[in-house]
Amino acid sequence: MADLSPAKYKPYNRSSITRSPQWERIPQDLREAVEVVAHVLPFRTNQYVLDELINWDKIPDDPIFRLNFPHRTMLEPDDYTALRDLIRSGDKQRLAKQIFEVRTRMNPHPAGQLSHNVPELDGQVVPGIQHKYDQTVLFFPSAGQTCHAYCTFCFRWPQFVGEEDLHFAARDAEGLAAYLRRHPEVTDVLITGGDPMIMRTGALERYLEPLLAPDLAHVQNIRIGTKAVGYWPQRFVSDVDADDLLRLFERIVGAGKHLALMAHYNHPAELRPAIAQQALRRITGTGAVVRMQSPVLRHINDDPAAWQELWTLGVKLGAVPYYMFVERDTGARSYFELPLAEAYDIFRTAYSSVSGLSRTVRGPSMSAFPGKVLIDGTPTIRGEKVFALQFLQARQDGVVRRPFYAKFDPSATWFDQLVPAFGERSFFFEEEPAGDRPGIGRPLDLVGV
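Predicted model, so just to flag it, every value in this text is computed and none were measured. (Residues numbered from 1 in each chain as written. Predicted model: local features only at pLDDT ≥ 70, side-chain atom pairs only at ≥ 80, totals over all residues. Heavy atoms only, no water.)

**Student:** How should the confidence of the model for the protein chain be read in this particular structure?
**Tutor:** Do not read the predicted coordinates in detail wherever pLDDT is low. Per-residue confidence for the protein chain gives a mean pLDDT of 90; residues scoring 70 or more make up 90%. Note on residues 434-449: pLDDT under 50 across the span, and 43 contacts to partners over four residues away in sequence or across chains. (pLDDT = per-residue confidence, 0-100. Contact = heavy atoms within 4.5 Å.)

In C-alpha cells form, the structure reads like this:
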C-alpha cells in the first residue's frame with residue numbers, strides 16, 4: 001500500500017477533524033465525545049493514520065481508532081456532562097476553570113517527574129531534563145514537543161495541552177551538555193518528547209551534535225523515543241529530508257555511539273503497511289537499532305495474539321522487542337488499565353508463543369515512583385498467593401533484580417495498590433530514605449534484609 005500512502009503530512013486536531021474525508025463515517029455520539037473529551041485531553045491525528053491504519057468498518061472497536069480518537073468514558077460521567085454543558089453554554093471562563101480542575105485530578109506528572117526527577121546544576125534547575133536513574137538522562141528538546149498523532153493513553157499528555165506549569169522543554173542542548181560533563185556516570189541520553197522525529201533533520205542535528213563531543217565520551221548510547229515509525233513512517237522514507245535523517249543516523253553510529261530508536265508500536269496494524277516496513281528496514285540499514293515498546297492497554301492490545309504478531313513481525317523486520325509496560329496512573333487510565341494479574345497472563349501467553357529471538361522483551365513493567373517494577377509471576381509461597389516482583393531500574397542503589405513479594409490482589413492495577421506479602425509492614429526498599437539529589441537514591445544497607 002506504499003503507493004497509496006499520503007506523500008504530504010496532513011494533521012487534524014479537534015477543530016479541523018471535521019474536514020477530514022472520514023468524519024462523516026463517525027456516528028454522532030462519537031463526534032460529540034471528540035469535541036468534549038478533546039477539550040481536556042489532547043487530540044491530534046493525520047491522514048495516513050485515517051487512510052492506512054483504521055478499519056472504518058469496525059469503528060468504534062477498531063484498535064487504532066480507539067488509540068487516536070477520544071471516547072466518552074475517558075472522563076468521569078459527571079465531568080463529561082459538566083464539560084458538554086459548558087461548551088454548549090459558551091461560557092469560556094467557567095469552561096477553562098472546569099478543564100483545569102479535571103486535568104489536575106488526572107495526575108498530570110506521575111512518578112515524581114516534576115518533583116523528584118528534575119536535576120540542578122550549580123543550584124539552578126536545568127530546563128528540559130529529567131534524571132531519575134544514574135545511567136540515563138531524559139532530554140526534552142522544545143522543537144520536538146508535539147507528535148504526528150497523539151495516543152489517547154499517552155502519559156505525556158500534559159506536554160501538549162498548552163499549560164506552562166505542566167510543560168517542560170529545552171531550547172538548546174547547552175544545558176544538557178554542561179550537566180553531562182559533571183555526571184560521568186551517565187551512559188545513556190534519551191531524546192524524548194513529544195516526538196523528536198517531528199523535527200526537521202537540521203533541527204534534530206543541532207540537539208544531537210553536542211553529544212558527539214570528545215569530552216562526552218562517557219555517553220555511549222543515544223536513544224530517540226518515537227511514534228513516527230507507526231504514525232508517519234514517511235519520515236524515514238519519502239519526506240524531503242528523509243535521506244538526510246538516515247545520513248545523520250549513520251554519522252552518529254560512525255562516531256562510535258550506539259543509536260537506538262525506541263519505537264512505540266502499540267498494535268501490529270502499525271507494522272503491516274508496506275511503507276512502515278520499508279521505514280524499519282531503512283532505519284536498521286544505518287546501523288541504528290530499533291527497540292519496540294508499548295503498554296498493554298484495554299481496548300487496544302489486551303490480546304496475546306496481537307503481541308505475538310507484533311513481536312514476531314518486528315523481529316522479522318529487524319526490530320528488538322524491548323518492553324511491555326503497564327498503563328501509567330495518569331490521564332484516562334481508567335479507560336485503558338487492566339488488572340496486573342491479567343496483564344501478566346497476557347504477557348506470559350504471548351511470550352510462550354514466540355521464538356527465543358522475540359524473548360528479549362521484558363514485562364509487564366510498571367514505571368512507578370521507586371523505579372521500573374517487573375511483575376515476574378503469581379506463585380503461591382508459604383500457602384499465600386503473591387505477586388513476585390523485582391526492580392529492573394530503581395532510584396536507590398542495590399535494589400535492582402532483588403526479588404520481593406506483594407499480596408495477590410486480583411483487582412490491583414498499579415503498584416501503589418499493592419501491599420507486602422506474608423504480613424510484612426513494608427517493602428524492603430521503603431525502609432531507607434531517598435537520596436539528597438532529586439531522582440537518585442542512596443545505597444541501601446542490605447544487612448538483615
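**Student:** I would appreciate a short explanation of the environment of Gln130 in the present structure.
**Tutor:** Structurally, the position occupied by Gln130 is in strand 5 (residues 129-133). Assessed through its relative accessible area of 4%, Gln130 is described here as buried. Through-space distance from the C-alpha of Gln130 to that of Leu30 is 37 Å; in sequence the pair is 100 residues apart. (Helix = DSSP H or I, 4+ residues; strand = E, 2+ residues; numbered from the N terminus. Buried < 20%, exposed > 50% of the residue type's maximum accessible area, 1.4 Å probe, protein only.)

**Student:** Would you take a moment to explain the nonpolar core for this structure?
**Tutor:** It is characteristic of soluble globular proteins that their nonpolar side chains tend to be buried jointly. Within the largest apolar cluster, 106 residues are counted, with the highest numbers of intra-cluster contacts made by Phe69, Phe236 and Phe249. In this structure, Phe69 is in contact with Ile17, Ile26, Val34, Phe43, Leu50, Ile54, Trp56, Met74 and Thr152, ignoring residues within four places of it in sequence. Tyr344, Ala394, Leu418 and Phe428 belong to the second-largest nonpolar core, a separate cluster that totals 22 residues. (Core = buried A, V, L, I, M, F, W, Y, C linked by side-chain atoms within 4.5 Å.)

**Student:** Just to check I follow, could you spell out the pattern of salt bridges for this structure?
**Tutor:** Pairing is possible between side chains that carry opposite charge, provided their charged atoms lie close to one another. For the structure shown, the criterion picks out 21 salt bridges. The shortest N-O distance in the salt bridge between Arg200 and Asp241 comes to 3.3 Å. Taken together, the positions of Arg200 in the loop between strand 7 (188-191) and helix 7 (201-208) and Asp241 in the loop between helix 8 (228-231) and helix 9 (242-254) put the pair 41 residues apart, joining distant regions of the chain. Here Arg235 makes a salt bridge to Asp241, at a shortest N to O gap of 3.0 Å. Here the two residues Arg235 and Asp241 agree in accessibility, since each one is buried. (Salt bridge = Lys/Arg side-chain N within 4 Å of Asp/Glu carboxyl O.)

**Student:** Would you take a moment to explain the packing of aromatic side chains for this structure?
**Tutor:** A ring pair, where both rings are aromatic, is described by two values, the distance of the centres and the angle of the planes. Under the counting rule described, the total for this entry stands at 25 aromatic pairs. Taking the centre distance of 6.3 Å and the plane angle of 80° together, the rings of Phe153 and Phe336 count as edge-to-face. With Phe153 in the loop between strand 6 (136-139) and helix 6 (174-182) and Phe336 in helix 12 (residues 333-336), this residue pair connects regions lying 183 residues apart in the sequence. Considered together, Phe153 and Phe336 belong to a single accessibility category, that of buried residues. A network of ring pairs unites the aromatic residues Phe391, Phe404, Phe415, Phe427, Phe428 and Phe429 as a single cluster. Its end group placed over the ring of Tyr231, Lys227 keeps NZ or CZ at 4.6 Å from the ring centre. Looking at Arg402, its charged tip hangs above the ring of Phe428, at a distance of 4.2 Å from the centre. (Phe/Tyr/Trp six-rings, centres within 6.5 Å; stacked < 30°, edge-to-face > 60°. Lys NZ or Arg CZ within 6 Å of the ring centre and 35° of its normal.)

**Student:** Hey, could you run me through helix 7 in this one?
**Tutor:** Spacing of three or four residues puts side chains on the same side of an α-helix, whose turn is 3.6 residues. Looking only at helix 7, the buried set comprises Thr201, Ala203, Leu204, Tyr207 and Leu208. All buried residues of helix 7 fall inside an arc of 160° around its axis, so they share one side. Buried residues in helix 7 make contact with strand 6, strand 7, strand 8 (221-226) and helix 9. (Arc of directions from axis to C-beta.)

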